[in-house]
Structure formats: C-alpha cells, structure tokens
Amino acid sequence: MNMELSVIIPIHEYNETVEKYLKIALDSIKNQEDINNEFPDVVVVAASSAIKENLDKLVHSFGLPFTIQILVNDQGNTSFQGQVNFGVSKINTKYFTILEFDDEFSVRYLKNYKLYTSVYPNVDLFMPIIVEVNEQNQPLKLTNEPVWSKQFVGENGVIGYLNSRVLSQYSDFKISGSIFKTEEYKTNGMLKTKIELTFNYELLLRYVNMGSKIFVIPKTIYKHVATRPDSLFAKYAVTMTLKERKFWFDVAKKESNFSTDREINKSELSISVV
C-alpha cells in the first residue's frame, strides 16, 4: 500500500559517493516507524540512460520492501532544480518531498508527515528542522529552526509559520525534506533553473509573495550531509566570490516577484533580466 506522497531523489552522476550513500537514504525510508508497511512512491531521476542502468543494478541489490521508479530526464535541464521539476511532472500524488541521495529521513518522518498534513490541511509546504552533519556524521548545526526562536515570535507573525519578515532577516533555509503540495508547487512555478545558489531562498520568497502557507514542523526529521566536497553547495562555496553571492541574493529577491523562470544576465554581476 502506498500513501499520497512521492519521494523524489535527483541523481546527477554515478560514482562511488552515490554507491556509498544511496542505500543509507533508501534504508531511511524502509526503517520508518509506525507506518504498517505503507510506503511512499519513490522516484529516482537520473540525468542519463547510462546512470539509470547503473542505478537499476545498484537498487536491485538492496532488496528493499518497496518499488523504485527510475526515470531518465532526457527532456530538459538536469541541474538539481531541473531534476526535481522533471520528477514532479511525472508523479500523481497529492504531496511530494525531496530526498537527496546522501541524506536521511528520521525514523518518524512519515509518521509526522501523516500527522501534520491531517492536522494542517491548508498548509501548502511543510519544512522540517534539519540537522546538518559532516561526512563523519558529526552534527554541525540546525537549519530551518529560526521560525521557532524568540526573535521571530509576536510581531513577526504566528510561531511556526514562515513569513516575509522572517525571510527578510534570515535566508539560510533548506527545502530538501520539505513536504510540498504537488499542485501548489506547479502553480507557483516550481524551482527556477536559471537561479544558482539561492534557488531555495527564491522559491520560499515566491511562495510567501503568492500567499502560500509555509509551516516548519517543530521536530528534527531530516539529516543533511553539509560538507561533502563534491556537493552542489560545496562547489558554490569554492567558486563564488562574495560579490557573486550578493548578486544571487539580490536576484532571488527580485525574481521572487515573478512566477516565470526568466533568463539571468550575470556578465557584469549586476541584475539584468533578459
């Protein structure tokens, strides 16, 4: 039996890192507590047919109690954003979430999903509190928790809900592990593939601008490997200057007013939309 949730796992390349981490990620679905073998639909989006062939063999060797659909994104952008968008275009569940191949759900992730979606049916996007860890599995920090800290209570809105005032003061939010209403995600324009570094932030700003309700679940339910050297954000950290970082944050704030994914001209690192 499956639930009204799809788990989308984007895979950009096949290497030893994928072989090392993917089983841990999938085991975190298998090892869920109190779900009576009611699993989500699991969709892996591969960037090429060659990657799919390797993943088919790898996943088959795991002996998992649920099926995994492996898709090839041969129709568009294969960035992280493009992979997620492609996966969403192929699902038919009410909700979906993003599981990065080197991350994990806590054992009560699906139990909490069912609880919060039933208690808060009007919420369009649920975000988990995330534990960021290094490659040795040592905790580094919590992410997404500021909406529960004192500085954002009272004048900044109702505790637990993400709003524009929170986003104006704090930008380091993560969307992996978040639970999206599928149709709301599509209606809001999905992730923009033209935006680098700040695509998480831009999406959240756009949701708020469009009146969507975002709630942070006050539980630690997602573990994110933050220091893997070949990760997308690690590459950003190495390659981007402070000026470039500022440019992308300015772009995120500006582009969040538009639902379309517009061309970005960064030739002189000044905001210019073609």
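Above this text you will find the structure in question.
In this convention, every chain numbers its residues from 1, walking through the sequence in written order. For a predicted model such as this one, the threshold for reporting local features is a pLDDT of at least 70, and the threshold for listing and counting side-chain atom pairs is 80 or more; totals across whole chains, interfaces and linings nevertheless cover every residue. As a rule here, side-chain values come from all non-hydrogen atoms in the structure, and water together with hydrogens is ignored.

Student: Tell me about the overall build of the chain, and name the residues and values.
Tutor: When its secondary structure is counted, the chain shows nine helices and nine strands. Throughout, the radius of gyration refers to the C-alpha atoms, and the reference size of a globule is 2.2 Å times the residue count to the power 0.38. Computed over the C-alpha atoms, the radius of gyration of the chain is 18 Å, within 12% of the 19 Å expected from 2.2 N^0.38 for a compact globule of 274 residues. In terms of overall dimensions, the chain has C-alpha extents of about 50 × 40 × 35 Å along its principal axes. Using a 1.4 Å probe on the protein chains alone, a residue whose accessible area is under 20% of its type maximum counts as buried, one over 50% counts as exposed, and one in between counts as partly exposed. Taking all 274 residues of the chain together, 50% fall into the buried category. Restricting to contacts in the chain with at least 6 residues of sequence separation, those with at least 24 account for 75%. The protein chains shown are the only cover counted for residues, whose accessible areas, like all others here, come from Shrake-Rupley with a 1.4 Å probe. Carbon together with sulfur atoms contributes 49% to the accessible area of the chain, which is approximately 12700 Å² in total. What counts as a helix is a DSSP run of H or I of at least four residues, what counts as a strand is a run of E of at least two, and both are numbered from the N terminus. Note on definitions: a residue-residue contact is assigned when non-hydrogen atoms from the two residues lie within 4.5 Å.

Student: So what about the nonpolar core? Which residues, and what values?
Tutor: In this description, a nonpolar core means a group of buried Ala, Val, Leu, Ile, Met, Phe, Trp, Tyr and Cys residues linked to one another through side-chain atoms lying within 4.5 Å. Ile-9, Leu-22, Leu-26, Ile-29, Leu-55 and Ile-68 are the most contacted members of the largest nonpolar core, which has 44 residues in total. Elements supplying a minimum of two residues to this core: β1 (2-11), α1 (16-30), β2 (39-46), α2 (49-60), β3 (68-72), α4 (109-119), β6 (125-133) and β9 (214-225). If sequence neighbours within four positions are ignored, Ile-68 has contacts with Leu-26, Val-42, Val-44 and Val-59. Within the second largest apolar cluster, 41 residues are counted, among which are Leu-125, Leu-205, Ile-214 and Val-251.

Student: Before we move on, could you go through unusual backbone geometry and cite the residues and values that matter?
Tutor: Positive phi outside glycine occurs at Asn-144, with the angle close to 80°. Within the secondary structure, Asn-144 sits in the loop between β7 (139-143) and α5 (164-169). Look at Asn-144 and you get buried, because its relative accessible area is 0%. For Leu-197, which is not glycine, the phi dihedral falls at a positive 60°. For Leu-197, the location among the structural elements is in the loop between α6 (182-187) and α7 (199-209).

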